[in-house]
Amino acid sequence: MTDTLDAVFRREAGRCTATLIRVLGDIDLAEDAVAEAFAIAAEQWPKRGLPPNPGGWITTTARNRAIDRVRRESTRVERYIAAHQMHTQETDPDATPEGEALDRFVDVVPDDQLRLMFLCCHPALAADSQVALTLRLLGGLETSEIARAFLLPEATMAQRIVRAKRKLRDNHAPYRIPGADELPDRLHAVLASIYLIYTEGHTATAGRALTRVDLSTEAIRIGRVLATLMPDEPEVIGLLALMLLTEARRSSRVDAHGSMVRLANQDRSRWDPSLIEEGHGLVQACLRRNQPGPFQIQAAIAAVHTDAPTAADTDWAQIVALYDQLYAIQPNPVVALNRAVAVGALDGPSAGLDALANVNLDDYQPYHAARADLLTRAERIHEAITAYDRAIELTANSAEREFLSRQRQHAATTPSRP
Amino acid sequence: MPQYLLSVWHDEDYVPDFSTPDAQRRVAQVAAFNDELQRSGAWVFAAGLHPASSATVVRSSGDHVSTTDGPYAETKEQMGGFWIIQAADLDVALDLAARAAAASDGPIEVRPMQG
């Protein structure tokens, strides 16, 4: 029963909260109403059995609580009607807080979840606040769970969430879907936030385990919701494809001893064929649409990797071409680094090192790890050891550190070029 | 309707000199922006300030009043002027702030007013 309630909660909490924020015009009140509905469920369901439609039951109960509350507090009715008229496009000027009009206001509309995504990722909030708020309000995660996932004290995370909510309220942040002119920028913030949640789950920046299941799963779940709500935005589909194709390889990224395994050495039979199939389908759809963007190109790169039956079969020419395309849109050093690695695989380590020559990422662990690998293959061992030492110094993740230490050991026993 | 303070920030040693072509261009830009604010109804108030070195800090404790020279905060950047605007919501305010930043050629801090 507890599991079932949890599952329903995870599925419905974000949707209910999104609608109730619109109805009540207040994030905290909405969270309270949803929590109240789940508390009633936790009490009644074990006695009476699961209702036929648990999700609908929760939504209806939370809605009814909201309506009761709105009717009890008439000043709030005026406030939320005003807020509603101000912030949503489909305004009915004759709407009254009575009867059917009120019921219509609290109808669950899919747009509410989109409104909530754009609110959580409002550009007035810092990226870490956007991520925390997205997980709290859309993901329905407890503050303590979010804190654990980011290895932060609960008080720190609680303060971050409270401040973000207060900032949105004090600033009168609107609850709406951005208009066409601002949509690209605002959508990018939403996508970046979801991807940050995914990568945080995929590679924990600190701590023992290389992968943290909850955050990655949560990011994919939110990504799927967004893809349902905005099926015509190619970057939304690109992000989902990228996450699915990365996720497909997850179980092969760590060996039996918990040490990291690089792509070339991963056991491809452990890759998840259904995720790969779904991801490839989405990438194909993006290609047909032909409106490339950063997430779609990264998904295409992941698709080339997952397309290769063995590492040796990888179409590196295709990958270099995709990185060229990505660099043209996003000329940043991290893209240049990944491109250099691909060049190193296609044309040999010296070509890779040449491509890396103008990249300056001295505080970035993957830069030193990639450089160390290219230097080892170019048999420039002294430089390789120095690069490994720097990479090890910069990593806080124990699985990655073990991997790098083994690579360093391997390099140290490689004969240097005469 | 919510009101917001849009403030303009300068280096502390900034001295307004309206004789340069650059400054005159800015003055014209800000004047045009002010006209636009007034036309759209967003305008509440606006003012440019004399340099921070012209400021005096007054403190009161009990019967005693002390007066000291200089701005309150010894920071590298000081407020050089401000607008008070009214806007339907934060996004409208941020949009106006973007235009204020373009008109004044500098960063604009947006802060909601209480009430």
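Residues numbered from 1 in each chain as written. Chains lettered and ligands numbered in written order. Predicted model: local features only at pLDDT ≥ 70, side-chain atom pairs only at ≥ 80, totals over all residues.

1. Examining the overall build of chain A
Stage number 1. The helix and strand tally for chain A stands at 20 helices and 2 strands.
Stage number 2. The proportion of buried residues among the 418 residues of chain A is 43%. (Helix = DSSP H or I, 4+ residues; strand = E, 2+ residues; numbered from the N terminus. Buried ≥ 20, exposed ≤ 12 C-beta atoms within 10 Å, placed from the backbone.)

2. Section: the overall build of chain B
Stage number 1. Each helix and strand counted, chain B has 2 helices and 6 strands in total.
Stage number 2. Counted from the first residue to the last, chain B has its helices and strands arranged as β-α-β-β-β-β-α-β.
Stage number 3. The principal-axis extents of the C-alpha atoms in chain B amount to approximately 45 × 40 × 20 Å.
Stage number 4. By the burial criterion, 21% of the 115 residues in chain B qualify as buried.
Stage number 5. When contacts within chain B are restricted to residue pairs at least 6 apart in sequence, long-range pairs at least 24 apart make up 75% of them. (Contact = placed C-beta atoms within 7 Å.)

3. Quick word on the domain arrangement of chain A
Interface size is commonly expressed as the accessible surface area that is lost when the partners come together.
Residue and element names in this part refer to chain A.
Stage number 1. We note that the domain assignment places domain 1 (1-109), domain 2 (110-230) and domain 3 (244-311) within chain A.
Stage number 2. Computed over C-alpha atoms only, the centres of domain 2 and domain 3 are separated by 24 Å.
Stage number 3. Only helix 10 (183-202) and helix 11 (213-229) provide two or more residues apiece to the side of domain 2 that touches domain 3.
Stage number 4. Grouping the amino acids of the side of domain 2 that touches domain 3 by side-chain chemistry returns 3 nonpolar, 3 polar and no charged. (Domains from an automatic or database assignment. Nonpolar A, V, L, I, M, F, W, Y, C, P; charged D, E, K, R; others polar.)

4. Focus on the pairing of strand 4 (residues 64-69) of chain B
Each regular strand shows side chains that alternate between the opposite faces of the sheet.
Residue and element names in this part refer to chain B.
Stage number 1. Taking burial as the measure, the 6 residues of strand 4 include 0 buried ones, a minor fraction of the element.
Stage number 2. One ladder, built from 6 bridges, connects strand 3 (residues 56-61) with strand 4; its direction is antiparallel. When the bridges of strand 4 are listed, R59 appears paired with S66.
Stage number 3. Counting the residues in the hairpin turn of strand 3 and strand 4 gives 2 residues, including G62, whose phi is positive at 65 degrees. (Pairing = 2+ DSSP bridges.)

5. Comments concerning helix 6 (residues 111-120) of chain A
Stage number 1. The buried fraction of helix 6 of chain A amounts to 9 of the 10 residues, a majority that puts the element mostly inside the structure.
Stage number 2. Within the span of helix 6 of chain A, buried status applies to A:D112, A:Q113, A:L114, A:R115, A:L116, A:M117, A:F118, A:L119 and A:C120.

6. Overview of the interface of chain B and chain A
Stage number 1. Facing the 6 residues of chain B at the interface are 8 residues of chain A.
Stage number 2. The class makeup of the residues in the side of chain B that touches chain A is 4 nonpolar, no polar and 2 charged.

7. Some remarks on the packing of helix 17 (residues 349-356) of chain A against helix 18 (residues 365-377) of chain A
Residues and elements named next belong to chain A.
Stage number 1. Where helix 17 contacts helix 18, the axes come no closer than 8 Å and their chain directions differ by 145 degrees. Taken as a pair, helix 17 and helix 18 cross one another with a handedness that is left-handed. Residue-level inspection shows P349, G352, L353 and L356 of helix 17 in contact with helix 18, the latter providing R371, L374 and R377.
Stage number 2. Looking at side-chain class alone, the contact of helix 17 with helix 18 contains 4 nonpolar, 1 polar and 2 charged residues. (Axes fitted to C-alpha atoms, helices over the stretch in contact; angles between N-to-C directions. Left-handed = near helix turned anticlockwise from the far one by under 90°.)

8. Some points on helix 1 (residues 21-40) of chain B
All names here are of chain B.
Stage number 1. For helix 1, with 20 residues, the first-to-last C-alpha span of 29 Å sits near the 28 Å given by 1.5 Å per residue.
Stage number 2. The element helix 1 is largely exposed, with a buried count of 1 among its 20 residues.
Stage number 3. G41 lies just past helix 1 and shows a positive phi near 85 degrees. (Expected span 1.5 Å × (residues − 1).)

9. What to know about the nonpolar core
Stage number 1. Counting 131 residues, the largest nonpolar core has A:L20, A:A241, A:A299 and B:A93 as the members making the most contacts within it.
Stage number 2. Ignoring anything within four residues of it in the chain, the contact list for A:A299 reads A:G238, A:A241, A:L242, A:L245, A:G279, A:V283 and A:C286. (Core = buried A, V, L, I, M, F, W, Y, C linked by C-beta atoms within 7 Å.)

10. Regarding the sheet that holds strand 5 (residues 77-86) of chain B
Residues and elements named next belong to chain B.
Stage number 1. One open sheet accounts for 4 strands, arranged 2-5-1-6; its pairing is antiparallel. The sheet terminates laterally at strand 2 (43-48) and strand 6 (108-112), the two strands that pair on one side only. Sheet twist, expressed as the mean angle between neighbouring strand axes with direction ignored, is 25 degrees.
Stage number 2. In the sheet, strand 1 (residues 3-11) pairs with strand 5 via 9 bridges, with the strands oriented antiparallel. Across the sheet, the residue bridging to D11 is E77, located in strand 5.

11. Topic: unusual backbone geometry
Residue and element names in this part refer to chain A.
Stage number 1. In this structure, N290 takes a positive phi of about 55 degrees despite not being glycine.
Stage number 2. Relative to the helices and strands, N290 resides in the loop between helix 13 (273-289) and helix 14 (294-307).
Stage number 3. The phi dihedral of E379 falls on the positive side, at around 60 degrees, and the residue is not glycine.

12. Some thoughts on the packing of helix 13 of chain A against helix 14 of chain A
All names here are of chain A.
Stage number 1. With their axes 10 Å apart at the nearest point, helix 13 and helix 14 run at an angle of 135 degrees to one another. Here helix 13 is positioned oblique relative to helix 14, judged by the angle of their axes. Helix 14 is crossed by helix 13, and the crossing has left-handed handedness. Touching I276, G279, H280, V283 and C286 of helix 13 are Q296, A299, A300, A303 and T306, all from helix 14.
Stage number 2. Grouping the amino acids of the contact of helix 13 with helix 14 by side-chain chemistry returns 6 nonpolar, 4 polar and no charged. (Parallel < 35°, antiparallel > 145°, perpendicular 65-115°, else oblique.)

13. A look at the confidence of the model for chain B
Stage number 1. Averaged over chain B, the pLDDT score is 93; the fraction of residues at 70 or greater is 100%.
Stage number 2. For this predicted complex, the interface confidence reaches an ipTM of 0.90, while the overall pTM sits at 0.82. (pLDDT = per-residue confidence, 0-100.)

14. A look at the environment of A:D170
Residue and element names in this part refer to chain A.
Stage number 1. Among the secondary structure elements, D170 is positioned in helix 9 (residues 154-170).
Stage number 2. By the C-beta count within 10 Å, which is 14 here, D170 ends up partly exposed.
Stage number 3. Residues D170 and D272, spaced 102 residues apart in sequence, show a C-alpha to C-alpha distance of 46 Å.

15. Some details on the environment of B:V15
Stage number 1. In this fold, B:V15 is placed in the loop between strand 1 and helix 1.
Stage number 2. The spatial distance from the C-alpha of B:V15 to the C-alpha of B:T68 is 21 Å, given a sequence separation of 53 residues.

16. Points about the pairing of strand 2 of chain B
All names here are of chain B.
Stage number 1. Within strand 2, only 0 of the 6 residues are buried, which leaves it mostly out in the open.
Stage number 2. The pairing of strand 2 with strand 5 spans 5 bridges and is antiparallel. Looking at strand 5, one finds that A47 is bridged to F82.

17. Looking at the confidence of the model for chain A
Stage number 1. Here chain A averages 85 in pLDDT, while 87% of its residues score no lower than 70.
Stage number 2. The least confident element of chain A is helix 5 (residues 99-105) of chain A, whose mean pLDDT is 47; the most confident is helix 12 (residues 234-247) of chain A, at 97.

18. A short note on the environment of A:A345
All names here are of chain A.
Stage number 1. Considering the arrangement of structural elements, one finds A345 in helix 16 (residues 333-347).
Stage number 2. For A345, a count of 21 C-beta atoms within 10 Å puts it in the buried group.
Stage number 3. Considered as a pair, A345 and I177 are 168 residues apart in the sequence and their alpha carbons are 44 Å apart.

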